Amino acid sequence: MEISLLSTSIFAFLVVNAMLLSASVLVYAERRVSGFMQNRPGPNRVGPLGILQPFADVLKFVMKEDIQPAASNTFIHALAPVLMVVIAMSVASLIPFAEGVVLLDIDVGVLMVLALTSVTVYGITLGGWSSNSKYSLLGGLRSAAQMISYELSMGLAVISVVIIAGTMSLPGIVEDQASGWAVLGWNAFRNPVGCIIFIVTAFAETNRAPFDLPEAEQELVGGYHTEYSGMKFGMFFLAEYVNWFVASFIIVTLFFGGYLIPFQPLLLAAIPALDGSLLLTLLQFGSLMLKVAFFAFLFIWVRWTFPRFKYNQLMDLGWKKMLPIALANTVVIAIGVAIFRSIF
Amino acid sequence: MALASVTFFALALIAIASAVGVLIARSPIYSALSLVLNLLSVAGLYLTMNASFIGVIQILVYAGAIMVLVLFVIMLLNLDALPSPRSIGWGPILGFVLGIGLLAQLLYVMLTSFGISLEAAEPVTTAMAVENGSANTLGQILFTEYALHLQVAAILLLAATVGAVMLAQRRFA
Amino acid sequence: MDLSGAFTAMWADLPAIFSMLIVGAAGLVVILMEAFQNRDPRIPWLTAGAFGLAMGWEAFQLGTAPDTAFFEQLRTGGYAAYINLLILGAGLFTTLVSPPYLRRLNRNFGEVYALLLFATVGMIMLGTSNTLISVFVGLETMSVCLYIMAGLLREDEGGIESGFKYFVLGAFSTGFLLYGIALMYGTTGTMHLPEMAGAFPDGVPLLFWAGVGLVIVGFGFKVSAAPFHMWTPDVYQGAPTTLTGYMSTASKASAFAALILILFFALPSAQASLVLAVLALITMAVGNVMALRQANVKRMLAYSSIAHAGYMFVALASGTTAGYSGALFYLLVYTVMNLGAFGVLALLEWDGMAGRKQTLSSLAGMGLERPVLGASMAVFMFSLIGFPPFGGFIGKYYIFAPAVSAGLTWLVIIGLLFSAMSGYYYLRVIYVLYMQTAADVAEADRAPEGGFAQPAWLSTAAVALCAVLLLVLGVAFSGVVDVTEMLFIQADAMAQTP
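The name an unreviewed UniProt entry gives chain C is NADH-quinone oxidoreductase subunit N, with Longimonas halophila as the organism. In its Sequence similarities (unreviewed entry) section, the UniProt entry covering chain C states "Belongs to the complex I subunit 2 family."

By the naming in an unreviewed UniProt entry, chain A is NADH-quinone oxidoreductase subunit H, taken from Longimonas halophila. Taken from UniProt, the Catalytic activity (unreviewed entry) comment for chain A reads in full: "a quinone + NADH + 5 H(+)(in) = a quinol + NAD(+) + 4 H(+)(out)". One UniProt comment on chain A, placed under Subunit (unreviewed entry), says "NDH-1 is composed of 14 different subunits. Subunits NuoA, H, J, K, L, M, N constitute the membrane sector of the complex."

Written as structure tokens, this is what we have:
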């Protein structure tokens, strides 16, 4: 299959801009939903219903003075936020948005997602270290320890999905869930333990509450980005929201049927003309976005529901509970798949 | 294809430059980061050669896990950059000369050996490269031909873990 | 590859790696037992049982024809059984003498025995390897366990130095080995040793020799051949003595076995001979000259083990079947006498720092106070010199004779001169043990009153058994030599018939 450089570039440009835009939507959504949960209005002054608030935020970031600590490491201090944004953005290139609509269909897509996630930690650690501040350093170290601890369980959850699907390509995994009216075939039903583990570790990997120890305000001021200001802080901010958004995409893709419309086989049987049409693609995209919206909402919901972990609880959960469960789940799934295949 | 060779040479240049950076950087952080860059560019080289699985594993294992731990240790120990060398003793100079000598020998040997062609090996096509680099092929080989090595390597890792925990954690005396 | 066929083949090959399986499984069980009960007294017995069982199995394999197992990754048959017997025997001896010794050092952990078993798994893989991958995996498994064992005395600066030096230099040498393996694979396109020799119908390229050179550097480090020996004295001195004995014998036996396999199968041409001869010369010179000036017995034995690696390289340099079989026989003798010597030292240790601070003079008169240990030590020392009627003499004969017939007379003469020189430092041990008393040595060198522990009967018996074995090997050697020669004749025949 020959893909022209031009169309790929246009697609990539679209994806990057969609991600940037979605970050601003998420900022708005988080503040409004938080306000709703805490029984207060939230931002409502900039534009109708405060919808232009994120743009005002961005403007503020750009206008602010970029302050750099005196004894900091200039190069790495500037590198860290860029690294965060670039990596967060590049994961988006692997997500299948609809049938056949994916920027990079690589045969080891899932592993690529894991690999890129694991590199994210450099941004936080380096940002924390280069600031030359104890709060930043502690935040950076915490994040490195946390992400490495939870990456193991995340990897094992992904492996259980790969075992079921028999492929590591993301579109392949989505297509594998198409059986059973495309609802019961979802991996969330076939592999519920793996699903829960993955969602929990996704929270930990994105440093979202209740795993937001790297930036715990009460202990560390702002954590790894204490010493950042202006657009550099804005980039950390942006990366956090993009990561959150991308994590929702990955959860949906791996466990909730990705772009599949619920009851898609029934729908296609009823209206055969739909197969392969542009409308189906749009429907699939819409279904994906709805599911993603739910998980994006879940992130906010959890944030205002669970208190933050203590550090020892975090490590305890990661190593003594999640890891053994994930390991056992992988073995059970592997045996189950082997038995299933030998019967059918 | 021009684009492929441009990518290759760019990645190769970055890999070599960052490898040199690992050696000459005076600050341990810069040294470690150069190594990360080196590993990433080598992973990129694998990807351009269609060995996507190995390329991604290279990022995941080396850049994503091992080097993070190395960085972690450097930060925890808060290692300072080495001072610039004022004077060099005869030891390093001798080592340098011998090292250059060894390198020259190896380079000479390599240069004279560019013409070697293996009779058994067929020319590698893209399809073959994709096939050989895939997780499926690797898995089959690992669990048949090298199954024993896989198990012994598991014992190696277990021994290393047990030893590290024992030496670091045991309350002696 | 057909998967079910492959699994059937592996299943059928399981008996071929029985000893590896039993030792590895025992290691896992030991880890679990230690997890449930600290310092479970059954652990040493279980370890010894595993070694004994595996030895019993291997003894029956001595006469079998050479073959390969696990998709030609490992060699089986007589050669493998011989090497495995050596390694397992060293493991068994170490397990028998270690518990009382480690208890005195307060280090009698189950993990030590597990590491011993795991190291043995690696050694078996290394000593019976048929591909370079097996060589590497086996070598690394062995080395990682040994690094940890060397650093077992963590509070003592000598222990730290030992573990750290071994680890850093070992990792460094692994780089050479890997680079060499990569070059050898790159030029031949195969990892299988027997296929390498036939890979070049028209002339061996220089690149292959570069690979061989780097591999020899890597092995030279592991068998502590000069000039790659720098780590040996410090590591041996700081490691717990019984484990030093294991390190200096079993790891060398398996590394030499793998080196012999590489030389025998992959490099049939005689071009490596001169390199090995020079290596042998330097190693013998460094080991013997440096050993002369050592006041500490462990350090002296470390240099002596370097010297003995040099003698073995003389046999390898001859490049003939007789030379290789002589080296195999010498490995057996060397293992027995070195294990025994380190065992005696462990029993006569009083400083609680693995003998790091203990001079030879502090052992004055112990030969008469501990008659069995003294007599055994005398046997080991005479055998290390190469004195008839002990095994060391016969071993040296079978090493030097093939070298003479291969035209390396100059090397043999130098080797004999160095052997004579070694008499000085070996005999001094006997002199101090028997002819001196504590009153003769300076105050600072004396052992404290009651410093020597009462030797455990099992350890003493094991040491005495080594001494008896050396006597037996010195008299009734022909059977063993026949076996070692047979192994290569069989292997030759197998290599001829594709």
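*Asks:* Tell me what's going on with the overall build of chain C, and back it up with residues and numbers.
*Replies:* From N to C terminus, chain C includes 20 helices and 2 strands. In terms of C-alpha radius of gyration, chain C reaches 22 Å, essentially the compact-globule figure of 23 Å for 498 residues. Reported as C-alpha extents along the three principal axes, the dimensions of chain C are approximately 70 × 60 × 40 Å. Evaluated residue by residue, chain C yields a buried proportion of 61% over its 498 residues. Within chain C, residue pairs in contact and separated by at least 24 positions form 79% of the contacts whose partners lie at least 6 positions apart.

*Asks:* Kindly report on the overall build of chain A, identifying the contributing residues and their values.
*Replies:* Within chain A, the secondary structure is distributed over 13 helices and 0 strands. Reading chain A from its N terminus to its C terminus gives the helix and strand order α-α-α-α-α-α-α-α-α-α-α-α-α. Computed over its C-alpha atoms, the radius of gyration of chain A comes to 21 Å, within 12% of the 20 Å expected for a compact globule of 344 residues. Dimensions along the principal axes, computed over C-alpha positions, put chain A at roughly 65 × 45 × 45 Å. By the burial criterion, 49% of the 344 residues in chain A qualify as buried. Considering only contacts within chain A whose residues lie at least 6 apart along the sequence, 80% involve residues at least 24 apart.

*Asks:* An account of the interface of chain B and chain C is needed here, citing residue identities and associated values.
*Replies:* Listed as interface residues are 28 residues of chain B and, on the opposing side, 36 residues of chain C. Among the elements that make up the side of chain B that touches chain C, the one with the highest residue count is helix H7 (residues 147–169) of chain B (13 residues). Here the side of chain B that touches chain C is built from residues that sort into 21 nonpolar, 6 polar and 1 charged.

*Asks:* Let's hear about the interface of chain A and chain B: which residues, and what values?
*Replies:* Between chain A and chain B, the contact holds 18 residues from the first and 17 residues from the second. Of all elements in the fold, only helix H4 (109–130) and helix H5 (134–165) of chain A reach the threshold of two or more residues within the side of chain A that touches chain B. Considering each element in turn, the side of chain A that touches chain B owes the most residues, 10 residues, to H4 of chain A. Among the residues forming the side of chain A that touches chain B, the class breakdown is 15 nonpolar, 2 polar and 1 charged.

*Asks:* Kindly report on the arrangement of the chains, identifying the contributing residues and their values.
*Replies:* Ranked by contact count, the leading pair among the 2 pairs of chains in contact consists of chains B and C. With respect to C-alpha atoms, chain A approaches chain C no nearer than 14 Å, and the pair has no contact.

*Asks:* Lay out the packing of helix H9 (residues 206–222) of chain C against helix H11 (residues 241–266) of chain C with the relevant residues and their values.
*Replies:* All names here are of chain C. Two numbers describe how H9 lies on H11: the axes approach to 9 Å, and their chain directions differ by 160°. Relative to H11, the element H9 lies roughly antiparallel. Every pair of crossing elements has a handedness; the one defined by H9 and H11 is left-handed. Contacts between H9 and H11 involve Val215, Phe219 and Lys222 from the former and Ser251, Ala255, Leu259 and Ile262 from the latter. Its residues assigned to classes, the contact of H9 with H11 shows 5 nonpolar, 1 polar and 1 charged.

*Asks:* An account of the UniProt feature "transmembrane region" (unreviewed entry) in chain A is requested, with residue identities and associated values reported.
*Replies:* All names here are of chain A. When the UniProt feature table is mapped to this numbering, "transmembrane region" (unreviewed entry) covers residues 75–98, 110–129, 150–174, 180–204, 241–261, 281–302 and 323–343. Taken end to end, residues 150–174 is 84% helix and 0% strand, and its two terminal C-alpha atoms sit 24 Å from one another. What you have in residues 323–343 is 100% helix and 0% strand, and the ends, taken at the C-alpha atoms, are 30 Å apart.

*Asks:* Let's hear about the confidence of the model for chain C: which residues, and what values?
*Replies:* For chain C, mean pLDDT is 88; residues scoring 70 or higher make up 98% of the total. In the predicted complex, the global pTM is 0.89; the interface-specific ipTM is 0.90.

*Asks:* Could you give an account of the environment of threonine 64 of chain C, naming the residues involved and the relevant values?
*Replies:* Position of threonine 64 of chain C among the secondary structure elements: in the loop between helix H3 (42–61) and strand E1 (67–69). Residues threonine 64 of chain C and glycine 77 of chain C, spaced 13 residues apart in sequence, show a C-alpha to C-alpha distance of 5.0 Å.

*Asks:* Hey, could you go over the packing of helix H2 (residues 28–48) of chain B against helix H3 (residues 52–77) of chain B for me, with residue numbers and the actual values?
*Replies:* All names here are of chain B. The interhelical angle for the contact between H2 and H3, taken along N-to-C directions, is 175°, at an axis separation of 8 Å. With respect to H3, the axis of H2 lies roughly antiparallel. Of the residues in H3, those touching H2 at Pro28, Ile29, Ala32, Leu35, Val36, Leu39, Leu40, Val42, Ala43, Tyr46 and Leu47 are Ser52, Ile54, Gly55, Gln58, Ile59, Tyr62, Ala63, Met67, Val70, Leu71 and Ile74. Residue composition of the contact of H2 with H3, by class: 19 nonpolar, 3 polar and no charged.

*Asks:* I'd like a description of helix H16 (residues 371–385) of chain C, backed by residues and values.
*Replies:* Residues and elements named next belong to chain C. Counted at 1.5 Å a residue, the expected span for H16 with its 15 residues is 21 Å, and the 21 Å between its end C-alpha atoms agrees. Among the residues making up H16, those that are buried are Leu373, Gly374, Ser376, Met377, Val379, Phe380, Met381, Phe382, Ser383, Leu384 and Ile385. Contact partners of the buried residues in H16: helix H13 (297–318), helix H14 (321–347), helix H15 (366–369), helix H17 (391–405), helix H18 (409–435) and helix H19 (457–475).

*Asks:* Describe the nonpolar core, and please don't skip the residues or the numbers.
*Replies:* Looking at soluble globular proteins, one finds that nonpolar side chains tend to be buried together. Ala327 and Tyr330 of chain C are the most contacted members of the largest nonpolar core, which has 195 residues in total. Judged by nonpolar contacts, the second largest core, of 123 residues, contains Ala145, Met235, Val292 and Ile333 of chain A.

*Asks:* Kindly report on the environment of glutamine 73 of chain C, identifying the contributing residues and their values.
*Replies:* Here glutamine 73 of chain C lies in the loop between E1 and strand E2 (74–76). Judged by C-beta crowding, with 24 C-beta atoms within 10 Å, glutamine 73 of chain C ranks as buried. Between the alpha carbons of glutamine 73 of chain C and threonine 131 of chain C there is a distance of 5.5 Å; along the sequence they are 58 residues apart. Those residues in contact with glutamine 73 of chain C, other than ones at most four positions away along the chain, are Leu148 of chain B together with Asn130, Thr131 and Ser134 of chain C.

*Asks:* With reference to specific residues and values, describe H3 of chain B.
*Replies:* Given 3.6 residues to a turn, an α-helix orients residues that are three or four positions apart in the same direction. All names here are of chain B. Spanning 26 residues, H3 covers 36 Å between terminal C-alpha atoms, matching the ideal 38 Å at 1.5 Å per step. Approximately 35° is the largest bend angle found in H3, and it occurs at methionine 67. Positioned one or two residues after H3, asparagine 78 has a phi angle of 50°, which is positive.

*Asks:* Please give an account of unusual backbone geometry that cites residues and values.
*Replies:* Residue and element names in this part refer to chain C. Geometrically, the link from alanine 226 to proline 227 is a cis peptide bond, its omega value of 0° lying close to zero. Locating proline 227 in the fold gives a position in the loop between H9 and helix H10 (232–238). A cis amide bond, omega 5°, links proline 388 with the succeeding residue proline 389. Tracing the chain through its elements places proline 389 in the loop between H16 and H17. In the Ramachandran plot, phenylalanine 70 falls in the positive-phi region, its phi being about 55° despite a non-glycine side chain. Within the secondary structure layout, phenylalanine 70 lies in the loop between E1 and E2. Positive phi outside glycine occurs at phenylalanine 71, with the angle close to 55°. By the secondary structure assignment, phenylalanine 71 is in the loop between E1 and E2.

*Asks:* Can you lay out the environment of glycine 170 of chain C for me, pointing to particular residues and giving the numbers?
*Replies:* Residues and elements named next belong to chain C. The residue glycine 170 is located in helix H7 (residues 157–188) in this model. Distance in space between the C-alpha atoms of glycine 170 and valine 432 is 35 Å, their sequence separation being 262 residues. Once residues lying within four places of it in the same chain are set aside, the contact partners of glycine 170 are Ser143 and Tyr147.

Reading the values: rules and limits
Residues numbered from 1 in each chain as written. Chains lettered and ligands numbered in written order. Predicted model: local features only at pLDDT ≥ 70, side-chain atom pairs only at ≥ 80, totals over all residues. UniProt positions renumbered as here; feature names shortened; annotations may be inferred. Helix = DSSP H or I, 4+ residues; strand = E, 2+ residues; numbered from the N terminus. Rg over C-alpha atoms; globule rule 2.2 N^0.38 Å. Buried ≥ 20, exposed ≤ 12 C-beta atoms within 10 Å, placed from the backbone. Contact = placed C-beta atoms within 7 Å. Nonpolar A, V, L, I, M, F, W, Y, C, P; charged D, E, K, R; others polar. Axes fitted to C-alpha atoms, helices over the stretch in contact; angles between N-to-C directions. Parallel < 35°, antiparallel > 145°, perpendicular 65-115°, else oblique. Left-handed = near helix turned anticlockwise from the far one by under 90°. pLDDT = per-residue confidence, 0-100. Expected span 1.5 Å × (residues − 1). Core = buried A, V, L, I, M, F, W, Y, C linked by C-beta atoms within 7 Å. Bend = angle between axes of the 7 residues up to and from the residue.

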